[in-house]
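Okay, here's what each chain looks like letter by letter:
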Amino acid sequence: MALIEAQNLRKSYGSIQAVRGISFQVDRGEVVGFLGPNGAGKSTTMKLLTGHLLPDSGSAKVGGFDVTESPVAAKAHLGYSPEGAPAYGEMTVREFLQFAAELRGLPKPSVKVQNTLSLCRLTEVAQQTIETLSKGYRMRVGFAQAVIHDPEVLILDEPTDGLDPNQKFEVRRLLKEMAARKAVIVSTHILEEIEELCTRVIIIAQGEVRCDESKEKFLQRGSDLNQIFRQLTA
Ligand code: ADP
């Protein structure tokens, strides 16, 4: 069974057709790089997969559960880190993660918080309020709340956006550590991240899938990734 299933998803905002019939499946062990120009429909697709938006038609399943029909079961299998850093800036990192653990009804929430702080290397800033952290740390807090329940499915919207090289390295390291046991979708602007992180590439443009293939196959298209990307999204 695929851990993520998108079936002919469609979503419009008024007259804007943001997602126009997107289908794919993601299995355990896959890290899918989700690429596309700004406005291509990546974030909207991710929100449809996580149940944060309802599709006009089509369906999304996570861990075998339809995200609209069985949202609680689907969300138990899902970690989602939306674009940008988390809100709740006045909370400390520990309080925020405790809040996330309790919202999910996890057993032994304090133990989960401690383990996640350590996994995401946030222990030294645990008592700081989120608003006082650097962007790299704040993004990692967003990542931490997405993985606190060790979900099988991770959906991450631009987790390395705006980070310096060291911070990018740190987020990629975390992802690689976890990826073998999960199905992961990660959207990015950075073509090099495909090589570094992904096992598969899905390119979206104008709300449609333009390319869906293994990283190896994608990299065989040529050496100028920017040019390949421009051709596929034209
Ligand atoms: P991406 O993540 O690839 O940049 P989005 O999914 O954010 O793309 O956006 C797809 C299209 O939908 C764009 O044209 C964008 O302007 C539009 N859009 C996104 N969110 C909204 C919204 N809440 N209201 C109206 N239009 C939106």
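One can find the structure itself at the top, above this paragraph.
Residues numbered from 1 in each chain as written. Predicted model: local features only at pLDDT ≥ 70, side-chain atom pairs only at ≥ 80, totals over all residues. Heavy atoms only, no water.

Participant: What is the right way to look at the overall build of the protein in this model?
Facilitator: Counting its secondary structure elements, the protein contains nine helices and 10 strands. Here the protein has a C-alpha radius of gyration of 17 Å; the compact-globule value for 234 residues is 17 Å, and the two agree. Taken along its principal axes, the extent of the C-alpha atoms in the protein is 50 × 40 × 35 Å. By the burial criterion, 51% of the 234 residues in the protein qualify as buried. The contacts of the protein with a sequence gap of at least 6 include a subset with a gap of at least 24, amounting to 66%. A total of about 10700 Å² of accessible surface is found on the protein, and carbon and sulfur atoms cover 49% of it. Taken as two groups, the 28 positive and 29 negative side-chain charges of the protein have centres that lie 1 Å from each other. (Helix = DSSP H or I, 4+ residues; strand = E, 2+ residues; numbered from the N terminus. Rg over C-alpha atoms; globule rule 2.2 N^0.38 Å. Buried < 20%, exposed > 50% of the residue type's maximum accessible area, 1.4 Å probe, protein only. Contact = heavy atoms within 4.5 Å. Areas by Shrake-Rupley, 256 points an atom, 1.4 Å probe, with all protein chains shown as cover. Lys, Arg positive; Asp, Glu negative; His and termini not counted. Charge placed at Lys NZ, Arg CZ, Asp CG, Glu CD.)

Participant: Would you take a moment to explain the packing of helix α5 (residues 135–147) against helix α6 (residues 165–179) for this structure?
Facilitator: Between two packed helices, both the angle of their axes relative to each other and the distance between the axes serve to describe the pair. Put simply, α5 and α6 touch, their axes get as near as 10 Å, and they point 15° apart. Relative to α6, the element α5 is oriented roughly parallel. Classified by chirality, the crossing of α6 by α5 is right-handed. Side by side, α5 and α6 meet where Gly136, Arg140, Phe143 and Val147 of the first sit next to Gln167, Glu170, Val171, Leu174, Leu175 and Met178 of the second. When grouped by side-chain class, the residues that make up the contact of α5 with α6 number six nonpolar, two polar and two charged. (Axes fitted to C-alpha atoms, helices over the stretch in contact; angles between N-to-C directions. Parallel < 35°, antiparallel > 145°, perpendicular 65-115°, else oblique. Left-handed = near helix turned anticlockwise from the far one by under 90°. Nonpolar A, V, L, I, M, F, W, Y, C, P; charged D, E, K, R; others polar.)

Participant: Just checking my understanding: could you explain the packing of helix α3 (residues 93–103) against helix α4 (residues 109–119) for this structure?
Facilitator: Between α3 and α4, whose axes approach to 9 Å, the crossing angle comes to 130°. When the axis of α3 is compared with that of α4, the two are oblique. When you trace α3 past α4, the crossing you get is right-handed. In this structure, α3 contributes Val93, Arg94, Leu97, Gln98, Ala101 and Glu102 to the contact, and α4 contributes Pro109, Ser110, Val113, Gln114 and Leu117. Counted by class, the contact of α3 with α4 contains six nonpolar, three polar and two charged residues.

Participant: Even after reading the chapter, I still don't get the site of the ligand, so can you show me in this structure?
Facilitator: Lining the immediate environment of the ligand, one finds Tyr13, Ile16, Ala18, Pro37, Asn38, Gly39, Ala40, Gly41, Lys42, Ser43 and Thr44. Between the ligand and lysine 42, the relevant distance is 2.8 Å, taken from an oxygen atom to a side-chain nitrogen or oxygen of the residue. One of the side-chain N or O atoms of threonine 44 is found 2.5 Å from an oxygen atom in the ligand. Surface burial for the ligand is 59%, taken as the share of its 560 Å² of free accessible area covered by protein chains. (Near = heavy atom within 4 Å. Polar contact = N/O pair within 3.5 Å; in protein donor to acceptor, adjacent residues only side chain to side chain.)

Participant: How should α4 be read in this particular structure?
Facilitator: Because each turn of an α-helix spans 3.6 residues, side chains separated by three or four positions end up pointing in the same direction. Looking at α4, one finds that the buried residues are Pro109, Val113, Thr116 and Leu117. Considered in projection along α4, the buried side chains sweep an arc of 105° and stay on one side of the axis. Taken together, the buried residues of α4 touch α3 and α5. Positive phi appears at arginine 121, one or two residues downstream of α4, with a value of about 50°. (Arc of directions from axis to C-beta.)

Participant: Would you mind showing me how to read the sheet that holds strand β6 (residues 78–81) here?
Facilitator: One key point about sheets: their strands pair by backbone hydrogen bonds, in either a parallel or an antiparallel sense. The strand order across the open sheet built from six strands is β6-β7-β8-β3-β9-β10, with neighbouring strands paired in mixed fashion. Every interior strand has two partners, whereas the edge strands, β6 and β10 (208–214), have only one. Direction aside, the axes of adjacent strands within the sheet are offset by 15° on average. Where strand β9 (residues 200–205) lies against β10, six bridges are found, and the strand directions are antiparallel. (Pairing = 2+ DSSP bridges.)

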